[in-house]
Amino acid sequence: MSFENHLKEEMRLVMLRLLNELPSYRGNSSTLHSGLNIWGLSFSRDQVKTELHWLKDQGCVTIELDQPEVIVVKLTERGQDVVEGRQRIHGIKRPSA
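Residues numbered from 1 in each chain as written. Predicted model: local features only at pLDDT ≥ 70, side-chain atom pairs only at ≥ 80, totals over all residues. Heavy atoms only, no water.

A. Representation of the packing of helix α2 (residues 29-38) against helix α3 (residues 45-57) in the model. Look at α2 against α3: their axes get within 10 Å of each other, and the N-to-C directions meet at 110°. Accordingly, the angle class assigned to the pair α2 and α3 is roughly perpendicular. Judged by the sense of rotation from one axis to the other, the crossing of α2 with α3 is right-handed. Of the residues in α3, those in contact with Ser29, Ser30, Leu32, His33 and Leu36 of α2 are Arg45, Val48, Lys49 and Leu52. Here the residues of the contact of α2 with α3 are counted per class, giving four nonpolar, three polar and two charged. (Axes fitted to C-alpha atoms, helices over the stretch in contact; angles between N-to-C directions. Helix = DSSP H or I, 4+ residues; strand = E, 2+ residues; numbered from the N terminus. Parallel < 35°, antiparallel > 145°, perpendicular 65-115°, else oblique. Left-handed = near helix turned anticlockwise from the far one by under 90°. Contact = heavy atoms within 4.5 Å. Nonpolar A, V, L, I, M, F, W, Y, C, P; charged D, E, K, R; others polar.)

B. Fine view of the nonpolar core. Counting residues in each nonpolar core, the largest one holds 23 residues, and the members touching the most others are Met15, Leu16, Leu32, Val48, Leu52, Leu55 and Ile92. The dominant element in this core, judged by the number of residues it contributes, is helix α1 (residues 3-21), at seven residues. (Core = buried A, V, L, I, M, F, W, Y, C linked by side-chain atoms within 4.5 Å. Buried < 20%, exposed > 50% of the residue type's maximum accessible area, 1.4 Å probe, protein only.)

C. A look at the packing of aromatic side chains. Overall, the coordinates contain zero aromatic pairs when judged by the stated rule. The ring of tryptophan 54 has arginine 12 sitting right over it, with the charged end atom 3.7 Å from the ring centre. (Phe/Tyr/Trp six-rings, centres within 6.5 Å; stacked < 30°, edge-to-face > 60°. Lys NZ or Arg CZ within 6 Å of the ring centre and 35° of its normal.)

D. Expanded view of the sheet that holds strand β2 (residues 61-66). An order of β1-β3-β2 is seen for the three strands of this open sheet, with the pairing classed as antiparallel. Strand pairing shows two members of the sheet lacking a second neighbour, β1 (26-28) and β2, which therefore form its edges. Neighbouring strand axes in the sheet, compared pairwise and without regard to direction, differ in orientation by 25° on average. Where β1 meets strand β3 (residues 71-75), three bridges bridge the pair, whose relative direction is antiparallel. Within the sheet, the bridge partner assigned to asparagine 28 lies in β3 and is valine 72. On top of the sheet, α2 reaches β1 and β3; it is set at about 85° to β1, its chief contact. Its contacts with the sheet put α3 on β2 and β3, and the angle it makes with β2 is roughly 130°. (Pairing = 2+ DSSP bridges.)

Laid out in structure tokens, this is it:
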């Protein structure tokens, strides 16, 4: 696996973890972008939005608002299962035990 793919898998897991900690399991692309920076993961806002759409395609989030400047998403039950290690999805880093 390339280092770029490893970073994407890490990014996806961290975004799901951040959503798991937010009230109502909801957040927006701007907040998640800031959260990734705190975790030392520097991605562009466009990359964050692209990965949120990927997570939607995997059933981990639902998109509640999709506008050019911001996307609002909500963590699904499947996404929470991934965060808590009950389910594995290829392309998302597995959480540490």
